Number of protein chains: 2
Amino acid sequence: MEKICGAVRLSPESSTTARLLLPLTRNLSRQHGVVSFNRLVGVRLPHRHLTSLTSLTTHCSPSPSPPVSASVATETSAKVIDGKAIAKQIRDEITEEVSKMKNAIGVTPGLAVILVGDRKDSATYVRNKKKACESVGINSFEVRLPEDCTEQEVLKFISDFNDDPSVHGILVQLPLPSHMNEQNILNAVSIEKDVDGFHPLNIGRLAMRGREPLFVPCTPKGCIELLHRYGINIKGKKAVVIGRSNIVGMPAALLLQREDATISIVHSRTKNPEEFIREADIIISAVGQPNMVRGNWIKPGAVIIDVGINPVEDTKSPRGYRLVGDVCYEEACKVASAITPVPGGVGPMTIAMLLSNTLISAKRIHNFQ
Amino acid sequence: MEKICGAVRLSPESSTTARLLLPLTRNLSRQHGVVSFNRLVGVRLPHRHLTSLTSLTTHCSPSPSPPVSASVATETSAKVIDGKAIAKQIRDEITEEVSKMKNAIGVTPGLAVILVGDRKDSATYVRNKKKACESVGINSFEVRLPEDCTEQEVLKFISDFNDDPSVHGILVQLPLPSHMNEQNILNAVSIEKDVDGFHPLNIGRLAMRGREPLFVPCTPKGCIELLHRYGINIKGKKAVVIGRSNIVGMPAALLLQREDATISIVHSRTKNPEEFIREADIIISAVGQPNMVRGNWIKPGAVIIDVGINPVEDTKSPRGYRLVGDVCYEEACKVASAITPVPGGVGPMTIAMLLSNTLISAKRIHNFQ
């Protein structure tokens, strides 16, 4: 069992359970039921837009670092933001609310997922979503269509789910086969059931002061939820978001701004990203570049939310790879005041927020407080 | 005649006509036919959110500075971004295109403006818009309703204009009387005719990579157009937007990001705005705080687009006030490489962009290239 960062001690003010030693090992990845779902984030991220940043990662080896001695371990100061524990807490809360709703008005929230084609990874994500729904008492509906089905067939199912009162959230698993127009299909999902929150009308409301989105996209919502649940103050802080994707970076920046942070958005065309990152009190990274953000890019005491889940080769792992974030964890955990591990940080939050959005939708549709 | 900043020389690479000396005097404000319209921007900006920044303006006196000697005048290095000249150029281009469209397909673009109540300033803005339409050959339609009319009456006119094929743009003059729900009324304008570009669906598309808004809000569009027409490179530059209003700051930041700038958005909750502003290659300020941005906040060579149009007391002016920007012009013009004057910078661009959006709408509806 090989240590990545040595023993990391949760400080007493941690909002998670008791003070505990959390040895971060590569075996952790096998303990996480949702790891394969987590990788959805990595897969969707715009790697191709970050070629200019990639060269900066060469010094932080993506291969396992040598075992950390006890004396080195004491250097680490960052609180580990335990996404797995928080996600569990949120699921428990959802379970309770779903049950309350069922008892009070006889309605069970329902999530419909449409899967087109035979991609193994997509099938895994859909299975995980289904399992997650079951675990909190949300009904799940699944449609599997063959790779060569028509756009019209997909649109027909979306239309049926839009009209179905037992469905409160609709999710089309991406990517779609190349012969389909993704925008047409996503736009067909009723805005009231768009639990992914990717509809431009939702994004517009998210961007505007005085407007409220119907749904906040799941991964960025999960990032902010982690900050909230760990009592990390956002108002007036300098926040840097690394990456400007529609599904993570951009909405994360908008959310931070809604909470009165001063945001800067760093991307592939930013000449010296480290200049921005060094000034940040809060860093949210979502670029899909293993170990891109180095320890000396981080202001002492900064809080790091690492959305990247990147497989890197690891011959010592039975799988031949392990998962690392965008931030060089072994360096960052010595400088930051709090940091999400990968895996076990943001990943488990995404699916918890999907369940949360489905519950919110059902409550809104049935006017249940 | 009292000089504010002395003689400012347009450098040879200026995209406006010939090299010329432009003495910036307070009399300039009287030469501008659209000054009263310009103030719309100042009036709409969220002054109340900037109390924490206001105190920073105390050293830059809002009263006229003493006459500048010839030797001081040579210190100024900034190119003056002549919004009045660019706006005229754009109006000339629109005039030509409107005429071409009329000759080719017999369609004249039309803009409908709805004015509710008796506010003098609103009446002036509407009159200026009407005059601007006439000057480029766009038809204008005006509806004036009494202060005490109902929301339903306003909605009825909007609905009629939505259905009217001779109307390609609809504008509801703000502010509306307090008994009306502004959001309801603005949402009623068909997205295809929302030439103000304030609909959340438009803003969402503006924020999203791979999506295109139907209309870009006029003032931020004017800011970017000024940068383009002066050949100022945006890609890879550090840009700071001061102010996060729905109508200027936020969409301006989104536009800069679309052009690959690295954006930071400074607002009333930003603790040390000057720290961000000092790093910026491009500054767009839209806060409505006279002379807030000081000369020593500006990186040498930065480009400044000043959206603020703020009346400050001036006992020497026949009106008793003069207009100044958010940026302390007399200091900034010695440090920046290019700067918009106030008035005569962004102001005239807003109405030019409204005409541009109306033309774009007519072309799109009639599928005319």
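Keep in mind that this is a model prediction, so the values were computed, not measured.

Caption draft 1: Spatial organisation of the relation of the copies chain A and chain B. It takes a turn of 180° to lay chain A on chain B, together with a shift of 0.0 Å along the axis; the resulting RMSD is 0.0 Å. What the rotation and shift describe, once combined, is the action of a two-fold rotation axis. Considering only C-alpha atoms, the part of chain A nearest the rotation axis is A:G204, at 1.7 Å.

Caption draft 2: Spotlight on the confidence of the model for chain A. Per-residue confidence for chain A gives a mean pLDDT of 84; residues scoring 70 or more make up 79%. Scored below 50 in pLDDT, residues 62–74 of chain A shows 20 contacts in the model against residues more than four places distant or in partner chains.

Caption draft 3: Examining the sheet that holds strand β4 (residues 110–116) of chain B more closely. All names here are of chain B. Here three strands make up an open sheet; going across it, the order is β5-β4-β6 and the pairing parallel. Of all the strands in the sheet, the pair left with one neighbour each is β5 (139–145) and β6 (169–172). On average, adjacent strands in this sheet sit at an angle of 15° to one another, irrespective of strand direction. Of the strands in this sheet, β4, β5 and β6 are in contact with helix α7 (residues 151–163), which crosses β4 at around 180°.

Caption draft 4: Representation of the pairing of strand β4 (residues 110–116) of chain A. Residues and elements named next belong to chain A. With seven of seven residues buried, β4 lies mostly within the body of the structure. Burial of the side chains of β4 extends over both faces: G110, A112, I114 and V116 are buried on one face and L111, V113 and L115 on the other. Note that β4 and strand β5 (residues 139–145) share seven bridges and pair parallel. When the bridges of β5 are listed, A112 appears paired with F141. The β-α-β motif built from β4, the intervening helix α6 (residues 120–136) and the parallel element β5 has right-handed crossover chirality. Relative to strand β6 (residues 169–172), β4 is paired through four bridges, and the arrangement is parallel. Paired with A112 across the strands is I170, a residue of β6.

Caption draft 5: Main features of the nonpolar core. If you look at the biggest cluster of nonpolar residues, it comprises 134 residues, and the most contacted ones within it are A:L227, A:L256, A:I284, B:L227, B:L256 and B:I284. Of the domains in this structure, domain 1 (42–86 + 230–351) and domain 2 (108–190 + 198–215) of chain A are the two that each give at least three residues to this core. Filtering out sequence-adjacent residues up to four positions away, B:L227 remains in contact with B:I232, B:I234, B:L256, B:I282, B:V303 and B:I305.

Caption draft 6: Just the sheet that holds strand β9 (residues 282–285) of chain B, in detail. Sheet architecture is open: 12 strands sit in the order β3(A)-β13(A)-β10(A)-β9(A)-β7(A)-β8(A)-β8(B)-β7(B)-β9(B)-β10(B)-β13(B)-β3(B), paired in mixed fashion. On the outer flanks of this sheet lie β3 (79–80) of chain A together with β3 (79–80) of chain B, each paired with one strand and no other. Relative to strand β13 (residues 338–339) of chain A, strand β10 (residues 303–306) of chain A runs parallel, the two being bridged by two bridges. Counted as the bridge partner of A:I304 is A:I339 from β13(A). Set on the sheet, helix α10 (residues 218–229) of chain B makes contact with β9 and β10 (303–306) of chain B; between it and β10(B) the angle comes to about 150°.

Caption draft 7: Quick look at the interface of chain A and chain B. With 35 residues of chain A at the contact, the number on the chain B side is 35 residues. Regarding the contact of chain A and chain B, the summed buried area is about 3400 Å², with carbon and sulfur atoms giving 51% of it. Linking chain A with chain B are six salt bridges, by the criterion used here. The partner of A:D260 in a salt bridge is B:R269, and the shortest N-O contact between them spans 4.0 Å. Put simply, chain A and chain B have 17 residue pairs in polar contact (both at pLDDT 80 or more) between them. Of the residues forming the side of chain A that touches chain B, the biggest block, six residues, is contributed by helix α9 (residues 200–207) of chain A. When grouped by side-chain class, the residues that make up the side of chain A that touches chain B number 12 nonpolar, 13 polar and 10 charged.

Caption draft 8: Quick look at the pattern of salt bridges. Per the counting criterion, the structure on display carries 32 salt bridges over all chains. The salt bridge partner of A:E275 is B:K238, with a shortest N-O separation of 2.6 Å. Of this pair, A:E275 sits in helix α12 (residues 273–277) while B:K238 sits in strand β7 (residues 238–242), which puts the two residues in different chains. You can call B:K238 buried: its relative accessible area is 17%. Residue A:D281 pairs with A:K299 through a salt bridge whose shortest N-O separation is 2.8 Å. Highlighted residues: A:D281 in the loop between α12 and β9 (282–285) and A:K299 in the loop between β9 and β10, separated in sequence by 18 residues.

Caption draft 9: Focus on unusual backbone geometry. For the bond running from A:V342 to A:P343, omega is -5°, close enough to zero to count as cis. Residue placement: A:P343 occurs in the loop between β13 and α14 (347–365). A positive phi angle, near 70°, is found at A:D260, a position not held by glycine. Its location among the elements puts A:D260 in the loop between α11 (249–258) and β8 (262–266). Located in the positive-phi region is B:N291, a residue other than glycine, with phi close to 55°. If you trace the backbone, B:N291 turns up in the loop between β9 and β10. Using a relative accessible area of 3% as the deciding quantity, one classes B:N291 as buried.

Caption draft 10: Summary view of the packing of α9(A) against α11(A). Residue and element names in this part refer to chain A. At a minimum axis distance of 9 Å, the contact between α9 and α11 shows a crossing angle of 35°. Two secondary-structure elements touch here, α9 through I203, R205, L206 and A207 and α11 through M250, P251, L254, L255 and R258. Of the residues assigned to the contact of α9 with α11, the class counts are seven nonpolar, no polar and two charged.

Caption draft 11: Region of the structure containing α9(A). Most of α9(A) sits inside the fold, with seven of its eight residues counted as buried. Along α9(A), the residues that are buried comprise A:P200, A:L201, A:N202, A:I203, A:G204, A:L206 and A:A207.

Caption draft 12: Spatial organisation of the environment of B:S159. Tracing the sequence through the fold places B:S159 in helix α7. In this structure the C-alpha to C-alpha distance between B:S159 and B:S190, which are 31 residues apart in sequence, comes to 8.4 Å.

Caption draft 13: Structural view of a negative patch on the surface. On the surface, A:D118, A:E147, A:D148 and A:E153 cluster together into a negatively charged patch. Following the sequence through the fold, A:D118 ends up in the loop between β4 and α6.

Caption draft 14: View of the packing of aromatic side chains. Scanning the model with the defined rule gives zero aromatic pairs over all chains in all. The ring of A:F215 carries A:R364 above its face, with NZ or CZ at 4.8 Å from the centroid.

Caption draft 15: Fine view of the packing of helix α5 (residues 83–105) of chain B against helix α14 (residues 347–365) of chain B. All names here are of chain B. One way to put it is that α5 packs onto α14 with a least axis distance of 9 Å and a crossing angle of 20°. Overall, the two elements α5 and α14 adopt an arrangement that is roughly parallel. The two elements α5 and α14 cross, and the hand of that crossing is left-handed. Contacts between α5 and α14 involve G83, K84, I86, A87, I90, R91, I94, E97, V98 and M101 from the former and P348, M349, I351, A352, M353, L355, S356, L359, A362 and K363 from the latter. When the residues that make up the contact of α5 with α14 are grouped by side-chain class, the tally is 14 nonpolar, two polar and four charged.

Rules behind the numbers
- Residues numbered from 1 in each chain as written.
- Chains lettered and ligands numbered in written order.
- Predicted model: local features only at pLDDT ≥ 70, side-chain atom pairs only at ≥ 80, totals over all residues.
- Heavy atoms only, no water.
- Least-squares fit on C-alpha atoms with pLDDT ≥ 70 in both.
- pLDDT = per-residue confidence, 0-100.
- Contact = heavy atoms within 4.5 Å.
- Pairing = 2+ DSSP bridges.
- Helix = DSSP H or I, 4+ residues; strand = E, 2+ residues; numbered from the N terminus.
- Axes fitted to C-alpha atoms, helices over the stretch in contact; angles between N-to-C directions.
- Buried < 20%, exposed > 50% of the residue type's maximum accessible area, 1.4 Å probe, protein only.
- Right-handed = clockwise from strand over helix to strand, strands pointing away.
- Core = buried A, V, L, I, M, F, W, Y, C linked by side-chain atoms within 4.5 Å.
- Domains from an automatic or database assignment.
- Buried area = accessible area lost by both parts, 1.4 Å probe.
- Salt bridge = Lys/Arg side-chain N within 4 Å of Asp/Glu carboxyl O.
- Polar contact = N/O pair within 3.5 Å; in protein donor to acceptor, adjacent residues only side chain to side chain.
- Nonpolar A, V, L, I, M, F, W, Y, C, P; charged D, E, K, R; others polar.
- Patch = residues over 30% accessible without salt bridge, like charges linked within 9 Å, V, L, I, M, F, W, Y side chains within 5 Å.
- Areas by Shrake-Rupley, 256 points an atom, 1.4 Å probe, with all protein chains shown as cover.
- Lys, Arg positive; Asp, Glu negative; His and termini not counted.
- Charge placed at Lys NZ, Arg CZ, Asp CG, Glu CD.
- Phe/Tyr/Trp six-rings, centres within 6.5 Å; stacked < 30°, edge-to-face > 60°.
- Lys NZ or Arg CZ within 6 Å of the ring centre and 35° of its normal.
- Parallel < 35°, antiparallel > 145°, perpendicular 65-115°, else oblique.
- Left-handed = near helix turned anticlockwise from the far one by under 90°.

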